[in-house]
6 protein chains.
Amino acid sequence: MTEPLGSRPTEWAGKTYSEITDLAGRDGSILVVPVGSVEQHGHHLPVATDTILVDAVAHLGATRVVDDLPVLVTPPVWTGHSPHHRSLGGTLSLGHEDLLGALEGVAETALENGFDALLFCNGHGGNASLVSSVTGTVGVDHPDVEVLGVTYFHLASSFIDDLRESDVGGMAHAGEFETALMLHLRPELVDTDRMEAEELESEYSHGLHDMFDAGPLTVYREFREYSASGAIGAPELATAEQGERLFERLGDELELVLREAHERVR
Amino acid sequence: MTEPLGSRPTEWAGKTYSEITDLAGRDGSILVVPVGSVEQHGHHLPVATDTILVDAVAHLGATRVVDDLPVLVTPPVWTGHSPHHRSLGGTLSLGHEDLLGALEGVAETALENGFDALLFCNGHGGNASLVSSVTGTVGVDHPDVEVLGVTYFHLASSFIDDLRESDVGGMAHAGEFETALMLHLRPELVDTDRMEAEELESEYSHGLHDMFDAGPLTVYREFREYSASGAIGAPELATAEQGERLFERLGDELELVLREAHERVR
Amino acid sequence: MTEPLGSRPTEWAGKTYSEITDLAGRDGSILVVPVGSVEQHGHHLPVATDTILVDAVAHLGATRVVDDLPVLVTPPVWTGHSPHHRSLGGTLSLGHEDLLGALEGVAETALENGFDALLFCNGHGGNASLVSSVTGTVGVDHPDVEVLGVTYFHLASSFIDDLRESDVGGMAHAGEFETALMLHLRPELVDTDRMEAEELESEYSHGLHDMFDAGPLTVYREFREYSASGAIGAPELATAEQGERLFERLGDELELVLREAHERVR
Amino acid sequence: MTEPLGSRPTEWAGKTYSEITDLAGRDGSILVVPVGSVEQHGHHLPVATDTILVDAVAHLGATRVVDDLPVLVTPPVWTGHSPHHRSLGGTLSLGHEDLLGALEGVAETALENGFDALLFCNGHGGNASLVSSVTGTVGVDHPDVEVLGVTYFHLASSFIDDLRESDVGGMAHAGEFETALMLHLRPELVDTDRMEAEELESEYSHGLHDMFDAGPLTVYREFREYSASGAIGAPELATAEQGERLFERLGDELELVLREAHERVR
Amino acid sequence: MTEPLGSRPTEWAGKTYSEITDLAGRDGSILVVPVGSVEQHGHHLPVATDTILVDAVAHLGATRVVDDLPVLVTPPVWTGHSPHHRSLGGTLSLGHEDLLGALEGVAETALENGFDALLFCNGHGGNASLVSSVTGTVGVDHPDVEVLGVTYFHLASSFIDDLRESDVGGMAHAGEFETALMLHLRPELVDTDRMEAEELESEYSHGLHDMFDAGPLTVYREFREYSASGAIGAPELATAEQGERLFERLGDELELVLREAHERVR
Amino acid sequence: MTEPLGSRPTEWAGKTYSEITDLAGRDGSILVVPVGSVEQHGHHLPVATDTILVDAVAHLGATRVVDDLPVLVTPPVWTGHSPHHRSLGGTLSLGHEDLLGALEGVAETALENGFDALLFCNGHGGNASLVSSVTGTVGVDHPDVEVLGVTYFHLASSFIDDLRESDVGGMAHAGEFETALMLHLRPELVDTDRMEAEELESEYSHGLHDMFDAGPLTVYREFREYSASGAIGAPELATAEQGERLFERLGDELELVLREAHERVR
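Everything numeric in this text was worked out from a predicted model, so none of it was measured.

J.: Mind showing me how you'd approach the interface of chain B and chain A here?
T.: Interface size, as often reported, equals the accessible area lost upon joining of the parts. Between chain B and chain A, the contact holds 58 residues from the first and 58 residues from the second. The contact between chain B and chain A buries some 4000 Å² in all, and 63% of this surface belongs to carbon and sulfur atoms. When the buried area of chain B at its contact with chain A is split by residue, Leu5(B), Tyr17(B) and Trp78(B) rank highest and sum to 19% of it. Remark: the boundary between chain B and chain A carries two salt bridges. Note that Arg86(A) is salt-bridged to Glu112(B), the shortest N-O span being 2.2 Å. Counting across the chain B and chain A interface gives 24 residue pairs in polar contact (both at pLDDT 80 or more). Contributing elements (two or more residues each) for the side of chain B that touches chain A: helix 1 (17–24), helix 2 (49–65) and helix 3 (96–111) of chain B. Ranked by the residues each element gives to the side of chain B that touches chain A, the list is headed by helix 3 of chain B, at eight residues. Residues of the side of chain B that touches chain A, tallied by class, amount to 25 nonpolar, 25 polar and eight charged.

Following this line, the structure appears as structure tokens:
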């Protein structure tokens, strides 16, 4: 969220209800629901990092296509699922069932307005499986709506090697990737003097080694066991310029998703 | 929300986790959780009106006391309970149980940081009884924390007669009160050309006659039955100057609540 | 409950099913669901006080109109929500969700009989916000039924100053108001030798000062913190004569609600 | 319920909280929770029949032992589970989960007072498996309390052949058994002019043939499929004298249960 | 389960979907859902005893009729409800609500294929009341389907006296009955060297005295309080020959249930 | 499941409770919970394919290590989540919340026996996000246990290109991969005469293209929209020999996971 709520032309929040129903009734209309979190992000990033980033990416994608197709973005659902971060502090987290219920409630009432497609756009690793699940639980109940879900940073898989400075392991929680995006979008919220981070220890060959090298094995662990600072990776390698390039490339990929969805439902 | 998320010094969102746990650990610390909604507000106000206003009032109150006592405000929970507005469109609403679960989840994890008091500050009529209820369900589980709840506009009861232009009935949904505050805080989001509103019909002597004359009888009704436009009251009497005076007086009352809570828990 | 279950002509309990469906099918039929509680009421009142009183008031109102319009009263739902009274003992209390579910279940099945209106009539402060909420959750599912809710003693606001002996603070839990009604209706259950009560301390200007001066601020607190005896206010000022006058005036107000509801739905 | 709520010395409802906690704290104290229902009972019995009977039986048993051991009876939970009776009308029924939650809530808060044993005493066939289940769900959470459940008319198995006039099939819903008890306890609520009833058709050798010949096979069926009147069996054979004898014998058996429970927990 | 999953011609598991929908669409089709458990069974029987037995009995019954009528058996739901066995170990148990949800989910989706009747066939005492309950909750939602429930060993009541060696008390948990069946069906899983068992103490005249003499009173108790070994009764009296006779007689009774159900729904 | 339940030495089902608690108490003990499904698998594979395969793979992995470390495998939870397959028939599916509850219940009671690690081993795509989620919900409640989750076929990513015959797209639902494994493990259940399958249409660049080329975008769609037969890919390319090689390689990878888990927790 880089602007006050309701300021951007792609925002549901700032419109009147008849503007929304008009847009939703247009052919091939798409709704984007950003899903973020508020959880510890080390000593250099604010706790709302995931919410700020996913909101910005969602609006970037929407802005790219808004002249061509009807699209709207709800306020970000910031009440994410982050039990593994609670022990470090600064974390506001719903239980799995409550977050699922919240997303279903938002979708259920939003779809009454007539959208043809709905994309949950997630910004927090701890929400990823849940957002995948809610795509199904909402989809079952709305066979006539195209229901999609994505964790936005997974869209960077194809190009990340071009833009990263760090080796595998450098892009993890509050690492090079998130820090770069925040330096570009909200530099005043980055404490560059406190860029502490630990390295990721991975005991499992099939486990997670990086945001972009996540093996098939899911391992539950309190974050405090991984990291004293709350950050993992190489935030110190991040730059605002890199953040800008990442952001624009993410916009490209999200634009592609939105255009392909529109093709299908229009 | 008059600023980008995380910009104000009283915001949880913009801080690092250790800043939050430090503040929460101070003597007599207070957390404010604004609870808003996204629902139709007639043709002249945006759907996020209640969220925008409650967030602004909560931060105003917090700002008044932040130099004297430790206080923090979470992002507004904008996923309110508004079933009666759904049929008009533009409404995103959780079921009763899901909103209760969301507020409990936010409170539960927030309180782990060590706050001595928690105030749910609600901005939407449809949430009012639920916010009163959640004060109890959270309070039961946290006997050592002072748990409070208020619907912010009820704090205006004592002074509203000094500031209103309309007779009883003029301050209802999207009426003079909310319009004045929005003209002061976010005038660019008010469509002054479309200030349509109906009058409130009340069939019940003990029913609601105005935001500030709500009788004991609760009547459930779809909003569409009351109002074609989605607004009720006298929005056309509202002015930005009046909005500013209302806003400051609300700040006075909320400041009083926060100071009295601090007295009790410090 | 001043009679054995099923004795009064306005009782659902004592009728056969076809008597009930006949009545429910008449034009403008109204069902009243009393909601009480079983919780400590100091040393001088029995734990079922709220259930006894709300049942009596509901039947008084119904009796006033039963010759003119079809009305029926279910047995009182006595399983209220009283977590704040548990520590003193004698309290049987459902969790918030369970009581909500119970009221919804009663309403759901009752409405299948064909009533045109449903009034939840509550007698316990701890249920008040929940009964307001259930009016909405039932109303949403029954757009063709007029769904109403009221906490009966709030109907006394307009006339209470004429009848009270105490100053503000005297009518609180097990205080002058409830004691007077019980002295009138069930004097054998009032232990006039043990009319102990504490004064209400209110730390908040916007908090509760009396049953009839309840500010906008909800404060959760275990009752034991307020009161050693379990009673607050001035029960010693109550008389049976006063109780009778209160009872009749409550009947007037409830009669008004029922007649206005009938007007609307017939 | 043959008396106004709170009139009998074995009633929780009519006592003050300290009387209850005193009794519960005595050695070998027992709480009885009657569970009834409100559902159609043919054209000759009132819908609250099961609640009236189970309440009366529970207090009879308790009265038999109250001089020797500490025992108390809560108000009857009348919100039973009767989905199969809904289509005939006059039925107020909770869903399975909601009734389970209600009984658990009552037990949970009641046991805080210090009882050594808890007996759910059920009076409605549709509740029987659920009351058996809740004995387990409450028992698991209270290993130090003796948790018991019984459907009271099953206690008559051993002696019913001595007292019945009808052959197998005559004692079914609103049949000879229930009619006899009601003629004894609440004759003014029995419409002896409308004693219509159908015979039970049982297609299954292992199915139900009578209240006292219930085979192992559970068959779900809407009551309307069995019976046009809502009653099955031979109500016309019932007499008040027979009802009195049944009642006293039921009292004997329940007394035995209470004394054996007391032996175990004292 | 005496064969690998999917091996028997009466198994849902081993068929393709079109084979299933073809069978379900035939006139008078019946689905059997076995419900077992995994819980301690003393030192001589495996923890899956109840699942193995109920699965075998269900297929025996189905095999008896499969040439005459369309019948299919799902895999056994082995996730039973056994809280009272947990403390001894080896027990996998769902909570009451979760098992209910699982059975409802299986039934709901199975019935979409077009079956005319559904029989829950239970093999575990701890599931018995729940299986009776689910018959109702599923039946309510499927008025056009014949929904039945049975705990298979209750079908042995009529003939057990012909086949038992032990007196009352010998056929209890992991006693003569279950041991005999396992010696017949899966002898390699019976440890005949460790046939330890305690006698059942019953403090209640109306309580349980044997699997085939279960009084009306339900008593919750941790199994460890009854039995050090985890077994009760007289397993040492069991023989494989007896097990075979029991098994065949159970098949007779289940066949009868299936044929009567088919008569009703075809 | 290639053997009758309880036949294999790595099975929980066939052991007595004390064998289980002994094993669980050993240093570095691991429990594996296979999670399968019963859903349509085209015209050539049985509906229990996923359950059969995941059970076999889990026991293969366990058998590889059972001489070196304490490991046990529960029966497969076959009640999976497959809403998208329901319309084709043959599908038994739990709702999301019910399956989550079932897995949590199994884990909760299993862990009481003293295991140091728990691996949910999933075999069905529709369960994948849910199994990832349950790893978290169980992990939060058991900080001292290593809680892991994996969808077994994802373990084949590293070697699949060596063993596949088909191009991308050939290994999808009931395609080359699953058919090969079934031809190896349960050839009698494969109908080689009916190997019909459609090609996967993917409208999304970021969507799924193959079991081993699943992009970041989740798309909900009823299976019937993809495929008339219920199968997608190239089952006709599968051979039993290939199935054997796949199976052994999967065993290698699962063995690695188990050994690494044991290293961590012993």
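Now that the structure has been shown, we can carry on.
J.: Could you clarify how one ought to interpret the relation of the copies chain B and chain A in this entry?
T.: Between the two copies of this chain, the relationship is a rotation about some axis together with a displacement along it. With an RMSD of 0.0 Å, the operation that places chain B on chain A is a rotation of 180° combined with a shift of 0.0 Å along the axis. What the rotation and shift describe, once combined, is the action of a two-fold rotation axis. In terms of proximity to the rotation axis, the leading residue of chain B is Pro4(B), whose C-alpha is 2.1 Å off the axis. Here 100% of the contact residues of chain B are again contact residues in chain A; the copies associate through an equivalent surface.

J.: Would you mind going over the packing of helix 2 (residues 49–65) of chain A against helix 8 (residues 240–265) of chain A with me for this structure?
T.: Between two packed helices, both the angle of their axes relative to each other and the distance between the axes serve to describe the pair. Residues and elements named next belong to chain A. Helix 8 packs onto helix 2 with a crossing angle of 60° between their chain directions and a minimal axis gap of 8 Å. One way to sum up the angle between helix 2 and helix 8 is to call them oblique. Here helix 2 and helix 8 pass one another in a crossing that is right-handed. Of the residues in helix 8, those in contact with Ala56, Val57, Ala58, Leu60, Gly61, Ala62, Arg64 and Val65 of helix 2 are Phe247, Glu248, Leu250, Gly251, Asp252, Leu254, Glu255, Leu258 and Arg259. When the residues that make up the contact of helix 2 with helix 8 are grouped by side-chain class, the tally is ten nonpolar, two polar and five charged.

So, how was this worked out
- Residues numbered from 1 in each chain as written.
- Chains lettered and ligands numbered in written order.
- Predicted model: local features only at pLDDT ≥ 70, side-chain atom pairs only at ≥ 80, totals over all residues.
- Heavy atoms only, no water.
- Contact = heavy atoms within 4.5 Å.
- Buried area = accessible area lost by both parts, 1.4 Å probe.
- Salt bridge = Lys/Arg side-chain N within 4 Å of Asp/Glu carboxyl O.
- Polar contact = N/O pair within 3.5 Å; in protein donor to acceptor, adjacent residues only side chain to side chain.
- Helix = DSSP H or I, 4+ residues; strand = E, 2+ residues; numbered from the N terminus.
- Nonpolar A, V, L, I, M, F, W, Y, C, P; charged D, E, K, R; others polar.
- Least-squares fit on C-alpha atoms with pLDDT ≥ 70 in both.
- Axes fitted to C-alpha atoms, helices over the stretch in contact; angles between N-to-C directions.
- Parallel < 35°, antiparallel > 145°, perpendicular 65-115°, else oblique.
- Left-handed = near helix turned anticlockwise from the far one by under 90°.

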